[in-house]
Amino acid sequence: MTCTTLDSWAKLRDHQAELATTSVRELFERDPARFERLSRRLDLGRGAAPMLLDFAKQRATPETVALLCALAREVGLEAHRDRMFAGERVNSTEGRAVLHVALRERSRRPVHVEGADVMPDVRAALEHMRRASDAVRSGAHRGYTGKRIEHVVNIGIGGSDLGPLMVVEALEPYRLGGPKVHFVSNVDGTHIARTLSELDPETTLFLVASKTFTTQETLENARTARAWFLRTAQKEIHIARHFFALSTNAKEVQEFGISLENMFVFWDWVGGRYSLWSSIGLSIALAVGFDRFEELLEGAHVVDEHFRTAPLEDNLPALLGLFGVWNTNFWGCGCHAVLPYDQTLHRLPAYLQQADMESNGKGVRADGGVVGCDTGPALFGEPGTNGQHAFYQLIHQGTRVIPCDFLIAANSHNPVGRHHRLLLANVLAQAEALMRGKTEAEARAELERAGVRGAELDKLAKHKSFAGSRPSTTILYDRLDPRTLGALIALYEHKIFVMGSIWGINSFDQWGVELGKQLAGRILPELEPGAPAGDHDASTAGLIAELQLRLSGEDKSA
Ligand code: F6P
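What you see is a predicted model; the values in this text were computed from it and never measured.

A few words now on the overall build of the chain. The helix and strand tally for the chain stands at 23 helices and 13 strands. For a compact globule of 558 residues, the expected C-alpha radius of gyration is about 24 Å, and the chain comes in at 26 Å, within 12% of that figure. Dimensions of the chain along its principal axes, counting C-alpha atoms only, are 80 × 60 × 55 Å. By residue count, 52% of the 558 residues in the chain fall in the buried class. In the chain, of all internal contacts separated by at least 6 residues, the share reaching a separation of at least 24 is 75%. Carbon and sulfur atoms make up 52% of the accessible area of the chain, which amounts to about 24,500 Å² in all.

Here's what the structure looks like:
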C-alpha cells in the first residue's frame with residue numbers, strides 16, 4: 001500500500017498545513033529549549049567526542065518528530081531494517097541480500113545469508129587486503145624491477161570509484177608516506193592519458209575495480225593501462241606484480257589476465273554504491289594503511305548498531321531520513337544540498353549523488369505498484385565556502401526551497417592562522433541566515449540607517465528581503481578521522497534506506513541506467529566511417545552522421 005494512503009501521512013499533511021503559517025524564527029522565539037529538543041548526539045565510542053546532529057533549523061517541532069516516527073512505524077520501517085540485517089533478500093528485483101553492514105561487523109555475531117554465516121569469508125577477505133596493503137606499504141611487494149610501489153591507480157567507475165575516491169581524499173592527512181592513489185573512471189581517454197603521463201610503469205600498481213568486471217568504461221581503461229605497462233615491461237609475467245582485480249567475477253578477472261591470487265573478492269550481496277567497505281576499498285587501505293581502514297569500518301559499525309537498536313525518536317539515520325521525507329513530500333522540495341565546511345570532504349557530494357540518486361531515483365514500489373508521491377531529490381553540493389560564492393544565492397532567495405546539510409568539523413587538520421574560525425563563522429552564518437531570513441521591514445530599517453530614501457528605498461527593500469525558514473540540518477563532529485568518517489558515511493547510507501523504506505521502493509537496484517548502456521553498445525559500431533545508420537530518432541541519427549564526418553580516425557594508445 002502506498003505511504004500516501006496511511007493515517008500517519010494524513011496527520012503529517014494536517015500538521016504541515018498548521019506549521020506553514022509559522023516561521024522557524026517564531027518557533028525559536030516560542031520555545032527557548034528548541035535546540036535541546038531537536039538535536040541529538042551520537043556516541044562514537046573509544047573516548048571520541050560525540051557527533052551532534054541539529055535539526056532545530058528544520059520547519060518542524062517535536063510533534064513533527066513524533067508524527068514522522070508514527071509514519072515510520074506504520075510503514076514497518078523497523079521490520080524492514082531487521083530484514084536487511086538478517087540477510088533477507090530485500091533487493092527483491094535482483095533477488096539479493098543487502099549486507100554491506102556485514103563488511104563492518106566488528107563483534108563476533110554471525111551474519112547469515114541463506115543459512116550460511118558469511119563472516120568467515122568477510123574476515124578472510126579483510127585479511128587478504130591487510131596482507132597486500134602491508135606488503136605494498138612496507139616495500140615487501142615491489143615492482144618488476146625491484147623498485148617500491150609509489151603510485152596506485154584505481155580503475156573503476158560509479159561505486160567502484162566514487163566511494164574510495166571520496167575516502168582517500170578525506171583521509172589524506174593519514175597517508176603518512178603511503179603511495180599516492182589516483183583514480184581513473186571516465187572512458188574519455190583524457191582521463192587515463194593524463195593520469196598515466198605522470199607515472200612510471202616500474203613504480204605503479206593498478207587496481208581494476210569492478211563488481212561485475214564487465215563494465216565497458218573500466219575494462220577499456222584497464223586494457224589501455226595494461227598496454228601502456230607492457231610497452232615498458234615487455235613481458236606478461238610482470239603483470240602479476242602490477243595489476244590487482246577487485247571483483248566478484250573470477251571468470252572475467254582471469255580472462256582479463258589477472259590471476260586469482262591477485263583477485264580481491266566480495267559478493268553479490270554488496271551493492272556497488274555500498275562497496276567501499278569491501279575489497280573495493282583496497283585503495284583506501286593502500287593509501288592510509290589497514291589499521292586506519294579498520295577504524296573506518298569501526299565507525300560505520302557504531303552507526304549500524306545504533307540504527308539497529310535505538311528507538312526511532314533518537315535514531316539518527318532514521319531522523320535524517322524522516323526529515324528527508326518531510327521536506328520532499330510535505331514541503332515539496334525537489335533538491336537537497338550537501339555542504340561540507342571541510343575541504344577534506346570535497347568529494348562527499350559527488351559520492352552521495354550516486355549513493356542517494358541511484359538508490360532512490362525510482363517511481364515504482366518494490367511490490368510493483370506506483371509510489372504515488374515524489375521520491376529521491378536531486379542532490380548537489382560543494383565544500384564551503386566555495387558554494388557561497390556560486391549557488392547559494394538561489395538557496396537564499398530562489399523560488400524553490402532547497403534543504404541543506406551543513407557539515408562542520410570543530411577542529412581542522414590544518415589549523416593555519418584564522419582560517420578555521422573564519423570557516424566556522426561562515427557556516428554558522430549561512431545556516432542562521434537561511435533560517436532567519438530578513439523581513440521587508442528589517443531591510444527598510446537597514447537601508448534607512450544607511451541613508452537610502454524614497455523610491456530607491458522602496459525598490460531595494462524588496463530585493464534585500466529574504467523569506468527565511470529555509471531548512472537545514474547541521475552535522476558537527478570533532479575532527480574528520482577515519483572513525484568519524486566511517487560513521488558519517490553509514491549515517492547517510494541508512495538515511496537513504498529509511499527514505500526508500502517509507503516510499504516502499506527497492507533502494508538497491510538500478511535498472512534505469514541499463515537502457516543507456518544497451519544503446520551505447522548499439523551505437524558504437526555505427527560511429528565507424530561508412531557504417532550503416534541504425535534505427536534512431538532523427539536527432540540521434542543526425543548527430544551520428546555529423547560525427548562520422550568529423551571523427552578524425554586518429555585514435556592512438558595512451
Ligand atoms: O552504472 C551503474 C553501475 O552498475 C553502478 O551501480 C556501479 O557502481 C557501476 O555501474 C560500476 O559497476 P561495476 O563495479 O560492476 O564495474
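Turning our attention to the sheet that holds strand S8 (residues 243–247). Taken together, five strands build an open sheet; the order of strands is S6-S5-S7-S8-S9 and the sheet is parallel. The sheet terminates laterally at strand S6 (180–184) and strand S9 (263–265), the two strands that pair on one side only. Averaged over neighbouring strand pairs, the angle between their axes works out to 20° when direction is ignored. The pairing of S8 with S9 spans three bridges and is parallel. Looking across to S9, one finds that Leu 246 is bridged to Phe 264. Sitting on the sheet, helix H10 (residues 216–233) touches strand S5 (151–155), S6, strand S7 (204–209) and S8, and the angle it makes with S7 is about 160°.

Quick look at the side chain of Asp 304 now. Mapped onto the fold, Asp 304 is located in helix H14 (residues 290–309). Look past the residues within four positions of Asp 304 in its chain and what remains in contact with it is Phe 85, Val 101, Arg 104, Ala 490 and His 494.

It is worth spelling out the site of the ligand at this point. Of all residues adjacent to the ligand, which total 14 residues, the nearest are Ser 160, Ser 210, Thr 212, Thr 215 and Glu 358. With respect to the ligand, the side chain of Ser 160 contributes an N or O atom lying 2.6 Å from an oxygen atom. A distance of 2.8 Å separates an oxygen atom of the ligand from a polar atom in the backbone of Lys 211. Across the complex, the protein chains shield 86% of the 400 Å² of accessible surface that the ligand would expose by itself.

If you walk across this open sheet you meet the six strands as S1-S2-S13-S12-S10-S11, and the pairing is mixed. What marks the edges here is a single partner per strand, and that holds for strand S1 (39–42) and strand S11 (378–380). The sheet shows a mean angle of 15° between the axes of neighbouring strands, taken without regard to direction. One ladder, built from six bridges, connects strand S12 (residues 404–409) with strand S13 (residues 472–477); its direction is parallel. Considered in S13, the bridge of Asp 405 is made with Thr 473. The strands touched by helix H16 (residues 348–360) within the sheet are strand S10 (335–341), S11 and S12, with S11 carrying the most contacts at an inclination of about 165°.

Turning to unusual backbone geometry, a few remarks are in order. Cis peptide bonds are those with omega within 30 degrees of zero, and the linkage from Gly 384 to Thr 385 qualifies with 5°. Counting through the fold element by element, Thr 385 comes out in the loop between S11 and helix H17 (392–397). One non-glycine residue, Phe 213, adopts positive backbone phi at about 55°. Position of Phe 213 among the secondary structure elements: in the loop between S7 and H10.

We now examine the packing of helix H5 (residues 77–85) against helix H21 (residues 482–503). Two elements in contact, H5 and H21, have axes separated by 10 Å at closest approach and are oriented at 125°. By the angle class used here, H5 and H21 are oblique. Considering the relative orientation of H5 and H21, their crossing is right-handed. Across the interface between the two elements, Leu 77, His 80, Arg 81, Met 84 and Phe 85 of H5 pack against His 494, Phe 497, Val 498 and Ser 501 of H21. Residues of the contact of H5 with H21, tallied by class, amount to five nonpolar, three polar and one charged.

Across the interface, helix H19 (residues 440–449) lies against helix H20 (residues 454–463) with an axial gap of 8 Å and an inter-helix angle of 130°. In terms of orientation, H19 lies oblique with respect to H20. At the point where H19 passes H20, the crossing takes the right-handed sense. Along its contact with H19, which presents Glu 440, Ala 443, Arg 444, Leu 447 and Glu 448, the element H20 presents Leu 457, Asp 458, Leu 460, Ala 461 and Lys 462.

All right, on to helix H8 (residues 162–170) then. The periodicity of an α-helix, 3.6 residues per turn, causes residues three or four positions apart to be oriented the same way. With eight of nine residues buried, H8 is to be regarded as a mostly interior element. For H8, the set of buried residues is Leu 162, Gly 163, Pro 164, Leu 165, Met 166, Val 167, Val 168 and Ala 170. Lining the buried residues of H8 we find S6, helix H13 (282–288), H14, H16 and H21.

What follows is about the pairing of S7. Burial of S7 is extensive: six of the six residues sit out of reach of the surface. By the alternation rule, side chains of S7 split into Thr 204, Phe 206 and Val 208 and Leu 205, Leu 207 and Ala 209, which are all buried. As defined by bridge partners, S5 adjoins S7 across five bridges and the pair is classed as parallel. The partner of Asn 154 across the bridge, within S7, is Leu 207. As paired elements, S7 and S8 share four bridges and run parallel to each other. Across the sheet, residue Val 208 finds its bridge partner in S8, namely Ala 245.

Now for the packing of aromatic side chains. Scanning the entire structure with this criterion turns up 19 aromatic pairs. Judged by centre distance (5.6 Å) and plane angle (80°), the ring pair of Tyr 144 and Phe 229 falls under edge-to-face. Of this pair, Tyr 144 sits in the loop between helix H7 (119–138) and S5 while Phe 229 sits in helix H10, placing them 85 residues apart in sequence. Given the relative accessible area of 19%, Tyr 144 is considered buried. Judged by relative accessible area, Phe 229 falls into the buried class, the value being 0%. Pairing Trp 326 with Phe 330 gives two aromatic rings, centres 5.7 Å apart and planes at 35°, and the pair type is tilted. Remark: Phe 330 and Trp 326 occur in helix H15 (residues 316–330); sequence separation between them is four residues, near one turn of the helix. Here Trp 326 matches Phe 330 in class, with each residue buried.

What counts and how
- Residues numbered from 1 in each chain as written.
- Predicted model: local features only at pLDDT ≥ 70, side-chain atom pairs only at ≥ 80, totals over all residues.
- Heavy atoms only, no water.
- Helix = DSSP H or I, 4+ residues; strand = E, 2+ residues; numbered from the N terminus.
- Rg over C-alpha atoms; globule rule 2.2 N^0.38 Å.
- Buried < 20%, exposed > 50% of the residue type's maximum accessible area, 1.4 Å probe, protein only.
- Contact = heavy atoms within 4.5 Å.
- Areas by Shrake-Rupley, 256 points an atom, 1.4 Å probe, with all protein chains shown as cover.
- Pairing = 2+ DSSP bridges.
- Axes fitted to C-alpha atoms, helices over the stretch in contact; angles between N-to-C directions.
- Near = heavy atom within 4 Å.
- Polar contact = N/O pair within 3.5 Å; in protein donor to acceptor, adjacent residues only side chain to side chain.
- Parallel < 35°, antiparallel > 145°, perpendicular 65-115°, else oblique.
- Left-handed = near helix turned anticlockwise from the far one by under 90°.
- Nonpolar A, V, L, I, M, F, W, Y, C, P; charged D, E, K, R; others polar.
- Phe/Tyr/Trp six-rings, centres within 6.5 Å; stacked < 30°, edge-to-face > 60°.

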